[in-house]
Amino acid sequence: MKEKFLIGELAKMFNISTDTLRHYDRIGLLKPECDPNNDYRYYDIRSFFKLSRILFFKNLDISLEEINRYMKHKNTSNLVSLLKKKEDEIDHKINRLMNLKNKIQTKLELLENINSELDEMKIKRIPARRGIFLDMNDVESDYEIKKAFKANEQYLKTSSWLIEGQIYTSLSKENMDQGIFTRFRYFIEVVSVDSDQLSQTIEIPEQDCACITFEGPYCEMAKYYAVLTSWIYENGYVIAGDSIEKNIVDYDFSDSEYEYVSEIQIPIKSVIDNSEI
């Protein structure tokens, strides 16, 4: 038996626990010889090399089930398939991590640039967006809001809610023209639209928007709408579409409503270029 390893010896050499080796035995992945006289487990040189291969695959984050399946049908073709499958999984994880990093960087840029943006009115070119509007004018309870979201849950799964962490609110062009800044609706931006959803969603085209970013509670939203719409008219523009309210910091990011940061985006056209004027 001198040429064989006791379970403790093998575990120590590979820096794993004896419980791990016992588990491999139970699932049939690496079975030792057993001395019937003392129940000692022994591993031969072949088991030594097999364990090294198992741990190689394990360190690649390949499941024990997949390793076991491969070990029972070892050949070059299956090895290539196993490694390519794991490579694809790793590529997917890398892309997911890069997307997460981009989300973090985008949020940090917004937060770090807040002070330079506050209370300044400017025109921004906003990219095209597609989604659906949920009118909240006649909704009187949280139950009805819940029903509205459940009826449109297919869009939530592919919406900017998962990217931006929010669903936008919006005021109609008609209400803003009349100075009504309290009748809002929700806008669910859909970032991945299936062909069968195109007819059910609305595209907001790429356009110039008059924007203002402010810090403070939502009850001040109407005041900033009034300021921004006045600025639009005074500078030779008219309102050209429904607004989008972007909550950069809301009640889920801060317990103080005085730290809330919102940006109002109102589509505009020049009076000179507007054929309706």
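Scroll up a little and you will see the structure.
Residues numbered from 1 in each chain as written. Predicted model: local features only at pLDDT ≥ 70, side-chain atom pairs only at ≥ 80, totals over all residues. Heavy atoms only, no water.

Q: Looking at this structure, I do not really get the overall build of the protein. What am I missing?
A: Across its full length, the protein carries eleven helices and twelve strands. In terms of overall dimensions, the protein is more spread out than a globule: its C-alpha atoms have a radius of gyration of 30 Å, far above the 19 Å expected for 277 residues. With the C-alpha coordinates of the protein rotated into their principal frame, the extents come out at 100 × 40 × 35 Å. Taking as baseline every contact in the protein between residues at least 6 positions apart, the subset at least 24 positions apart corresponds to 69%. Here the protein displays about 17300 Å² of accessible surface, and carbon together with sulfur accounts for 50% of that area. Charge-centre separation for the protein: the mean point of 37 positive side chains lies 12 Å from the mean point of 48 negative side chains. (Helix = DSSP H or I, 4+ residues; strand = E, 2+ residues; numbered from the N terminus. Rg over C-alpha atoms; globule rule 2.2 N^0.38 Å. Contact = heavy atoms within 4.5 Å. Areas by Shrake-Rupley, 256 points an atom, 1.4 Å probe, with all protein chains shown as cover. Lys, Arg positive; Asp, Glu negative; His and termini not counted. Charge placed at Lys NZ, Arg CZ, Asp CG, Glu CD.)

Q: Can you help me understand the environment of S256 in this one?
A: Summarising the element assignment, S256 is placed in the loop between β11 (244-249) and β12 (261-270). Looking at S256, the relative accessible area reads 29%, which means it is partly exposed. Between the C-alpha atoms of S256 and G216, which are 40 residues apart in sequence, the distance is 8.9 Å. (Buried < 20%, exposed > 50% of the residue type's maximum accessible area, 1.4 Å probe, protein only.)

Q: Quick question: what am I supposed to make of the pattern of salt bridges here?
A: Pairing between side chains of opposite charge can happen when their charged atoms approach one another. Here the structure, examined in full by the defined rule, presents 17 salt bridges. In this structure, the salt-bridge partner of R125 is E206, at a minimum N-O distance of 3.3 Å. With R125 in strand β4 (residues 121-126) and E206 in the loop between β8 (202-204) and β9 (207-215), this residue pair connects regions lying 81 residues apart in the sequence. Taking the relative accessible area as the measure of exposure, E206 reaches 48% and is therefore partly exposed. Members of the salt-bridge network, linked through shared partners, are E117, E120, K122, K124 and E263. (Salt bridge = Lys/Arg side-chain N within 4 Å of Asp/Glu carboxyl O.)

Q: Can you help me understand the sheet that holds strand β3 (residues 41-43) in this one?
A: Hydrogen bonds between backbone atoms are what pair the strands of a sheet, whose relative direction is either parallel or antiparallel. What the three strands build is an open sheet, ordered β1-β3-β2; its pairing is antiparallel. In this open sheet, the two strands that pair with only one neighbour each are β1 (5-6) and β2 (33-34). Pairing geometry for β1 and β3, over two bridges, is antiparallel. Opposite F5, over in β3, you have Y43 as the bridge partner. (Pairing = 2+ DSSP bridges.)

Q: What is the right way to read the environment of D25 from this model?
A: Structurally, D25 is set in helix α2 (residues 18-26). Judged by relative accessible area, D25 falls into the buried class, the value being 13%. In this structure the C-alpha to C-alpha distance between D25 and A210, which are 185 residues apart in sequence, comes to 68 Å. Apart from the residues lying within four places of it in its own chain, the contact partners of D25 are L30, K31, P32 and R41.

Q: Can you walk me through the packing of aromatic side chains in this structure?
A: Counting across every chain of the model gives eleven aromatic pairs. Aromatic pair F14 and F48: ring centres 5.1 Å apart, planes at 55°, arrangement tilted. On the criterion of sequence distance, the pair formed by F14 in helix α1 (residues 7-14) and F48 in helix α3 (residues 45-59) is long-range, its members being 34 residues apart. Neither F14 nor F48 differs from the other in exposure class; each is buried. Taking the centre distance of 5.0 Å and the plane angle of 35° together, the rings of Y218 and Y260 count as tilted. Placement of Y218 in the loop between β9 and α11 (221-234) and of Y260 in the loop between β11 and β12 is noted, with a sequence separation of 42 residues between them. The class of Y218 is partly exposed, set by a relative accessible area of 29%. On the basis of relative accessible area, Y260 is assigned to the buried category, the value being 9%. An aromatic cluster is present here, built from F5, F14, F48 and F49 joined pairwise through their rings. The ring centre of F133 lies 4.0 Å from the NZ or CZ of R185, which sits over that ring. (Phe/Tyr/Trp six-rings, centres within 6.5 Å; stacked < 30°, edge-to-face > 60°. Lys NZ or Arg CZ within 6 Å of the ring centre and 35° of its normal.)

Q: Hey, could you run me through the nonpolar core in this one?
A: In this structure, L10, L21, Y24, L51 and I67 are the most contacted members of the largest nonpolar core, which totals 21 residues. Broken down by secondary-structure element, the contributors of at least two residues to this core are α1, α2, α3 and α4 (64-71). Counting residues per element, this core draws most heavily on α3, at five residues. In this structure L51 touches L10, F14, I16, L21, Y24 and L30, once residues within four positions along its chain are discounted. Among the nonpolar cores identified, the runner-up in size contains 16 residues, and Y224, I232, I264 and I266 belong to it. (Core = buried A, V, L, I, M, F, W, Y, C linked by side-chain atoms within 4.5 Å.)

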